[in-house]
Amino acid sequence: MRTHHEEHIATTSRLHDFVDITDDIQMILTGSGISGGQVTVLVRDNSCSLLINEKESGLFDDIKKAMDRLGSPGILVGSRSVVVPASEGKLKLGGWQRVLLMELGQDPGSRSIVVQIVGE
């Protein structure tokens, strides 16, 4: 069993911004040399959340409207970490699924993301 640990920076530009980090995570997996296992992604900043879903503007608009209505800090949307299986050197997501970082804070900017891969 091998492990690989890497940090990545994603940049948000506004409240309720969605940043697709899937390709960045895939590049880290490819560079790790690990072909199968689990990829854990953690966002260190409390003002962000991670979710796996389709990258669809209508969905984003619905989430933003709900957040505005509820005045919620985001505890209803996503979490601070996700785990994605990997096989044959690829993230095993659904056909349209993406790993998305959502900005929940009033002060967007650089967000630290930790990627840890465990496998063979």
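Residues numbered from 1 in each chain as written. Predicted model: local features only at pLDDT ≥ 70, side-chain atom pairs only at ≥ 80, totals over all residues. Heavy atoms only, no water.

A word on the nonpolar core. Ranked by internal contacts, the top residues of the largest apolar core, which has 21 residues, are Ile 21, Ile 25, Val 39, Val 41, Leu 101 and Ile 113. When residues of this core are traced back to their parent elements, those giving at least two are helix H1 (22-32), strand S3 (37-43), strand S4 (48-54), strand S5 (81-87), strand S7 (97-103) and strand S8 (110-119). Once residues lying within four places of it in the same chain are set aside, the contact partners of Ile 113 are Glu 6, Glu 7, His 8, Ala 10, Ile 21, Val 41, Leu 42, Val 43 and Leu 101. By size, the runner-up hydrophobic cluster in this structure holds eight residues, among which are Phe 18, Leu 51, Ile 63 and Met 102. (Core = buried A, V, L, I, M, F, W, Y, C linked by side-chain atoms within 4.5 Å. Buried < 20%, exposed > 50% of the residue type's maximum accessible area, 1.4 Å probe, protein only. Helix = DSSP H or I, 4+ residues; strand = E, 2+ residues; numbered from the N terminus. Contact = heavy atoms within 4.5 Å.)

Glancing now at the sheet that holds S5. With respect to topology, five strands assemble into an open sheet ordered S1-S8-S3-S5-S6, the strand pairing being antiparallel. Both edges of this open sheet fall to strand S1 (2-11) and strand S6 (90-91), since each of them pairs with a single strand only. Of the pairings in the sheet, the one linking S3 to S8 comprises seven bridges and is antiparallel in character. By the bridge assignment, Gly 37 is partnered in S8 with Gly 119. (Pairing = 2+ DSSP bridges.)

Regular strands show a simple pattern: their side chains alternate between the two faces of the sheet. Across the two faces of S5 the burial differs, with Val 82, Val 84 and Ala 86 buried and Ser 81, Val 83, Pro 85 and Ser 87 not buried at all. For S3 and S5, the ladder comprises six bridges, and the chain directions are antiparallel. Along S5, the bridge assignment pairs Val 39 with Val 84. Linking S5 to S6, which pair antiparallel, is a turn of two residues; within it Glu 88 sits at a positive phi near 55°.

Remember, this is a structural readout, not a statement about activity or role.
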